[in-house]
Structure formats: C-alpha cells, structure tokens
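One-letter residues, chain by chain:
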Amino acid sequence: MGDGRRGSPLTGRPPTRVAGDWAVAVDVITGWVLSPKYFNFPFPITLTMIHMGFSGAVAFLLVRVFKVVSPVKMTFEIYATCVIPISAFFASSLWFGNTAYLHISVAFIQMLKALMPVATFLMAVLCGTDKLRWDVFSNMLLVSVGVVVSSYGEIHFNVVGTVYQVTGIFAEALRLVLTQVLLQKKGLTLNPITSLYYIAPCSFMFLFVPWYFLEKPGMEVSQIQFNFWIFFSNAICALALNFSIFLVIGRTGAVTVRVAGVLKDWILIALSTVVFPESTITGLNIIGYAIALCGVVMYNYLKVKDVRASQLAPDSLPERIAKASFCFDWKLEKKSSDLQTPDSSDGVTSSASDLKLDEEAPLIPSSRLSYIGRTQLSGQGS
C-alpha cells in the first residue's frame, strides 16, 4: 500500500485523482449519450455491450497477443461457479444503472449511489460474509433516511428510473460479495487485465439476450445517429476506469480510496448541474444527501477502524510466534523423550522405528521456525 502521493505511470498525477477523473468522464459522457435531450441514443444495453466488447478485446490483445500478463489456471468448474455468476450480476448492474440515465438526472443518480454501502452490507449479511452489527445498521438507516429525503426533494423524480438505479446498485453489491465469496474460496486472484479477460466476454453474452429482445427491434425502425469518435471515447473512458480503480486500490490505502469516492460524488453532482442545466438541485436534495453522506462517512470510519484493528493485531505476532515456537520445541522434546521407552519385559529400550509418531502439521513451517530460531539466538547474543 502506498501513501497516495505517487503518480500514475501514465499521467504522473495521483492515482486517486486519475480514477476520479475517469469516473466523472464515464458518468457525464454516458448521461449525455443516453439523454433524449442531447445525443439521444436511447439504447443503454447496446452502449453497455460496446463497453464490454471493447474491454474484452483489449484484454484479449494484452493477454494473448502482447502477453503483458499470463492467464490464470481457469478450470471449467471455476468458470461455471465463479466467473459466470459474477459476470451475470456485473452485466445486470451495468444494464440497470445505464438505463436509469433515460429517466433521471445524473446528479440524482449520484445521490442514489449513496445506497451502495447499504446494499453491500445487506448482501454481505445475507451471504454470511458479514455479521449484523447494530452500529453499522444504524449508519445504514441514516443513509437510507438521507436518500429518502433527497428523493422527496427531487423535482424530476421518476419512479421507473429510481427503481432501475436501485436495482443496479443491489446487483453490483451482490457481485462484489460474490467476488469475495467465490474467488477467495477457490483461491483465485485476478488482476485488472485478467479480470476483464474472463468477465467482459461473459458479460457481453449475458447482455446479448435482453438486447436481442428489447433493443434490436427498436434499432431497426428508428433513426440512429452513430458517431464513431463519441462511442470510442466513451469505451476508452470505461476501460480506463476499470484499470484505474485497481490502480487506486493497489497504490493507496483504504482511507484514501473511500475519501476519494466521496469527493468524486460531490464533483460529479456539481459538474452535472453545469453540463445538464435541467439537473436542478434543491435545498432538500442537499439536506438529504448531506444526511446520507454523514452515514456513509461514519460507515467508512467503522470499516477503516476494523481494518486497522486487524492490522494492529499482528503487533503481538512476535509473542505468538515465540509461544508457538516454544510449544513446538516442547512437543519435539517430548516426542524425542518418548522415542525410547522402557520395555516392561526385558528393560530394553525400543527404537524410534518401532514407534509410530503423531505427525502433526506445525503451525508455522519448519523453514520459518529455523528462521525464528536464528533470529532469537542472534537477539540473545546481542
């Protein structure tokens, strides 16, 4: 983990700012392309398929042609039980989230995204990866109340668009939980490129089915304006966003990532009111989002506190290692004393080969134990 001050290898800027820039660009361009008042391309599934197809093609070139990274050992079982479910919910979250741009403003979409911690917490509790804690639950209630107040103050409130966005949020939350449960259970780790290499094509196929029945008939009879550079730049921003998210996680800490996410939402809400004049923000919007933001900040504080507590726990590791080493050495001494036991018949001791030792797997590998022993001896000698 870095301190967040190192720049991106591509731009030289801090990685959190890079990720924030790409996130803002993706949301603004996507809203502009799908909006019936601007570019008027009312086909969110098609746009999402373009993103997935482009990302999958670039990942294929990087893995198979240029060999930037090597593919992981992917079996059919892992692909069927991990990649396919994750890709299905990833495609669903993108589909519903992009469809919401047809009905509600970009600013209001960002306010609804404050529900993301609530959805993730609920899905984690349902899947058994997290426990129901009342301090976290109270924060979730605070976030929900803030979103309700913000929705009540929305001038252009639309039930259909709100349902689409909330459904996409819960689909994304379930994808995150499934990623943790399934991939960690299989011991599979994917970097940004291999993630897109396996997930993007599968998500493309999941999107193809609803596209064929819902959007393809409308595209045949409507006058579609297609601008290559607009769609290409949108796909580039989506691809860069996926990469930059992993860059931020890899080079910064949890606090930096969470604070950057909050700042990004504020920047996007303010920018959307400039780019889209119809995105009027009322005082009740601001009050509701401020309430929700307080809950999000408190939730982030609790999660970061838990992470730091788990990181501080290894401070007592030398003590535990010493105890484990002592117990292991004592077991070895005990077993060595048991190697020769007096025989009741003739008083002759039995050899080690005549006895079957209890071969327990040590808590710490033997190489680590020898290293610990050398360290302790050198410490005693000094």
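Please read these numbers as outputs of a predicted model, since none were measured by experiment.

A. Representation of the overall build of the protein chain. When helices and strands are counted, the protein chain shows 13 helices and zero strands. Across the 382 residues of the protein chain, 38% fall into the buried class. Summarising the internal contacts of the protein chain: among those between residues at least 6 apart in sequence, 83% fall at separations of at least 24.

B. Representation of the nonpolar core in the model. Counting 69 residues, the largest nonpolar core has Val33, Phe41, Ala114, Val143 and Val147 as the members making the most contacts within it. Ranked by residues supplied to this core, first place goes to helix α8 (residues 192-221) with eight residues. Leave out the neighbours within four places in its chain, and Val33 touches Phe39, Asn40, Phe41, Leu47, Ile230, Phe231 and Asn234.

C. Main features of the confidence of the model for the protein chain. This prediction gives the protein chain a mean pLDDT of 75; 70% of its residues lie at or above 70. Within the protein chain, the element-level pLDDT minimum falls on helix α13 (residues 366-381), averaging 43, and the maximum on helix α2 (residues 44-65), averaging 94. Contacts of residues 1-20 to residues separated by more than four positions or lying in other chains number 44 contacts, the stretch itself having pLDDT below 50.

D. Seen up close, helix α3 (residues 76-99). The end-to-end C-alpha distance of α3, which contains 24 residues, comes to 32 Å, matching closely the 34 Å that a straight helix rising 1.5 Å per residue would cover. A maximum bend of about 30° is found in α3 at Val83, where proline Pro85 lies one to four positions downstream.

E. Expanded view of the environment of Asn285. With respect to the helices and strands, the residue Asn285 is situated in helix α11 (residues 283-312). Looking at Asn285, the relative accessible area reads 0%, which means it is buried. Sequence separation between Asn285 and Glu154 is 131 residues, and the spatial gap between their C-alpha atoms is 6.3 Å. Setting aside residues no more than four positions away along its own chain, Asn285 makes contact with Met111, Ser150, Gly153, Glu154 and Thr280.

F. Broad picture of the packing of α2 against α8. Relative to each other, α2 and α8 sit at 150°, their axes nearing to 7 Å. Of the possible angle classes, the one that applies to α2 and α8 is roughly antiparallel. Considering how the two elements wind past one another, α2 and α8 form a crossing that is left-handed. Residues of the contact of α2 with α8, tallied by class, amount to 20 nonpolar, six polar and two charged.

Cut-offs used in this document
Residues numbered from 1 in each chain as written. Predicted model: local features only at pLDDT ≥ 70, side-chain atom pairs only at ≥ 80, totals over all residues. Heavy atoms only, no water. Helix = DSSP H or I, 4+ residues; strand = E, 2+ residues; numbered from the N terminus. Buried < 20%, exposed > 50% of the residue type's maximum accessible area, 1.4 Å probe, protein only. Contact = heavy atoms within 4.5 Å. Core = buried A, V, L, I, M, F, W, Y, C linked by side-chain atoms within 4.5 Å. pLDDT = per-residue confidence, 0-100. Expected span 1.5 Å × (residues − 1). Bend = angle between axes of the 7 residues up to and from the residue. Axes fitted to C-alpha atoms, helices over the stretch in contact; angles between N-to-C directions. Parallel < 35°, antiparallel > 145°, perpendicular 65-115°, else oblique. Left-handed = near helix turned anticlockwise from the far one by under 90°. Nonpolar A, V, L, I, M, F, W, Y, C, P; charged D, E, K, R; others polar.

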